[in-house]
Amino acid sequence: AIALLLSVNIISAIPNVAKAAASQPSIFPKPVSYTVGTGQFLLTKTTSIYVAGNSAGETDELFKNGQVLANKLNTSTGYRISVIKSNNPTAGSIYLTTIGGNDAQGNEGYDLNTTSDQVKLTANKPEGVFRGIQTLMQLLPADIEKNKIVSGVQWVIPNSNISDKPTYEYRGLMLDVARHFFPVDVVKRQIDLASQYKINKFHMHLSDDQGWRIEIKSRPELIEYGSKGQVGGGPGGYYTQEQFKEIVNYAAERYIEVIPEIDMPGHTNAALASIAELNPDGKRKAMRTDTAVGYSTLMARSEITYQFVDDVVREIAAISPSPYFHLGGDESSATTASDYDYFIGRVTTILDKYGKKAVGWDPSDTSSGTTKDSILQDWNCTASTGTSAKAKGMKVIVSPANAYLDMKYYNNTALGLSWRGNVNTSKAYDLNPTACISGANIYGVESTLWSETVVTQDNIDYMLYPRLLANVEVGWTPQSNRNWDDFKGRLIDQTSRLQNKGIKFFADPVVWT
Ligand code: TNX
């Protein structure tokens, strides 16, 4: 009923945006440099996409990127634009290349130069070309985002020079699939949308007190019991290993790395409810559907626990190409400090055995077993958090309140929690990683969508959009280039584009007044 009410609200809340087109297309996240010339490139049914790399392998990879672009263009233009492997593009074409790319562009930087004759996208790596394609799409009229053929549109790209690369290497989105389970298609859709804003990490919170969401073949009880349930009651669900691989591959096609999380030693009631021997009394706990935290723990001084962790890590490591594995480590109030210290060290050793580096919420950095190769995800952002990470030289991902996209926008927002305060779009934009933690090796920013109150696909859209756009700009655009009024203006210009993508966003009055 909440979902239904909301979707009605959303539709009626979207203002009429029949307004003059912006003088230049609005791009999210804002590029490092963007100069508009005069004239324009016209995309027609005879346009082709040329691709050429520095090696045959790179050309093959660029060919796939070209096909992604061609598919998107063809869907709304109705053209049959094709991709051609050649470093000799004809006039009137789009040219995607790594030839002439340079090291300063890194993995993700690109130059996008548009003249009336050609759209040329040059990057050091195919990944940079993929990021640049997201910008190219945003230079075209908003109708390009429609999922059906739109006729009568002049498909123009204003002549311009864009030179761009990210400020932070890690720009993540976390989805909690434990409190509420989301089917593969729903997850894929969010990955695709996020990729359009140059997100490059997708963190899946795969287990918590209320549910275990990934098949572990050596421990079938986790699915038999632990996957069945969710906050507020309901069926829950899980991903088979094949489905997890499908998500990983789908993300990889978009140059997004999936980072799996098994939250330990707290947030483990679903595991304790599945496997009797993990409990001190040898009895399975009851599944829980409430939202309390801090009551569950694995037994830190029992080898049975580490056999379990070994099984889980081994099986997930085998299907997860990411060098990282998130071990959780948050809110372990039912674990003593010394047990916590010991547990994090033991799990870090198991991860190392399977070739994975540990990512953990604070205070996992405080464990004596955490190494400089571990990564801290700092969510508290207080003066005392992250001090061990800094001392050890660990990389730090910041997720302060401004990136807690499970918070309400306003007191009257129907969805969301409020323990960290309200987070409207302006607050989501007003995030400076160095203000979360100073003097640290900041890896990047991650937006978190915990799902205690988030049940449907529309609910996800509503909580993520437009706030995710605010967060991604923090991760991508230099702080000195960022400005709320400019962001707000671009966001208003994006309204029809968001609608065309089918995103059921919240028309936050701080933007759309
Ligand atoms: C705290 S922040 C949690 C999650 C909750 C979230 C709700 C953190 C690492 N843990 O278990 O879902 O708050 O906002």
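The rules behind these values
- Residues numbered from 1 in each chain as written.
- Predicted model: local features only at pLDDT ≥ 70, side-chain atom pairs only at ≥ 80, totals over all residues.
- UniProt positions renumbered as here; feature names shortened; annotations may be inferred.
- Pairing = 2+ DSSP bridges.
- Helix = DSSP H or I, 4+ residues; strand = E, 2+ residues; numbered from the N terminus.
- Axes fitted to C-alpha atoms, helices over the stretch in contact; angles between N-to-C directions.
- Near = placed C-beta within 6 Å.
- Nonpolar A, V, L, I, M, F, W, Y, C, P; charged D, E, K, R; others polar.
- Core = buried A, V, L, I, M, F, W, Y, C linked by C-beta atoms within 7 Å.
- Buried ≥ 20, exposed ≤ 12 C-beta atoms within 10 Å, placed from the backbone.
- Domains from an automatic or database assignment.
- Contact = placed C-beta atoms within 7 Å.
- Left-handed = near helix turned anticlockwise from the far one by under 90°.

Per an unreviewed UniProt entry, the recorded name for the protein chain is beta-N-acetylhexosaminidase, and the organism is Paenibacillus planticolens. Within the UniProt record for the protein chain, the comment given under Sequence similarities (unreviewed entry) is "Belongs to the glycosyl hydrolase 20 family." Annotation of the protein chain in UniProt includes, under Catalytic activity (unreviewed entry), the sentence "Hydrolysis of terminal non-reducing N-acetyl-D-hexosamine residues in N-acetyl-beta-D-hexosaminides."

Caption draft 1: Local environment of the sheet that holds strand β6 (residues 118–123). Pairing is mixed in the open sheet, where seven strands are placed in the order β1-β7-β5-β6-β4-β2-β3. The open sheet terminates on both sides in strands that have one partner only, identified here as β1 (33–42) and β3 (83–85). The average angle at which neighbouring strand axes cross in this sheet is 20°, direction not considered. The pairing of strand β5 (residues 110–114) with β6 spans five bridges and is antiparallel. Residue asparagine 113 lies in a different strand from β6, and its bridge partner there is lysine 120.

Caption draft 2: Examining the site of the ligand more closely. Taken together, Val293, Asp330, Glu331, Trp361, Trp379, Tyr404, Asp406, Leu417, Trp450 and Glu452 form the complete shell of residues around the ligand. Split by residue class, the shell around the ligand holds six nonpolar, no polar and four charged.

Caption draft 3: Up close: the sheet that holds strand β12 (residues 257–264). Reading around the circumference, β8-β9-β12-β13-β14-β15-β16-β17 is the order of the eight strands in this closed barrel, with parallel pairing throughout. Neighbour-to-neighbour, the strand axes of the sheet open up by a mean angle of 25°, direction not taken into account.

Caption draft 4: Seen up close, the nonpolar core. Counting residues in hydrophobic clusters, the biggest one holds 135 residues, and the most contacted among them are Leu121, Val396, Leu449 and Leu468. Three or more residues apiece are contributed to this core by two domains, here domain 1 (33–164) and domain 2 (170–500). Not counting chain neighbours up to four residues away, the residues in contact with leucine 468 comprise Leu173, Ala194, Tyr197, Leu405 and Ser447.

Caption draft 5: Up close: the packing of helix α8 (residues 303–319) against helix α9 (residues 337–353). One way to put it is that α8 packs onto α9 with a least axis distance of 10 Å and a crossing angle of 35°. Where α8 crosses over α9, the handedness of that crossing is right-handed. From α8, Tyr306, Val309, Asp310 and Val313 reach across to α9, where they touch Arg346, Val347, Ile350 and Leu351. Classifying every residue of the contact of α8 with α9 gives six nonpolar, no polar and two charged.

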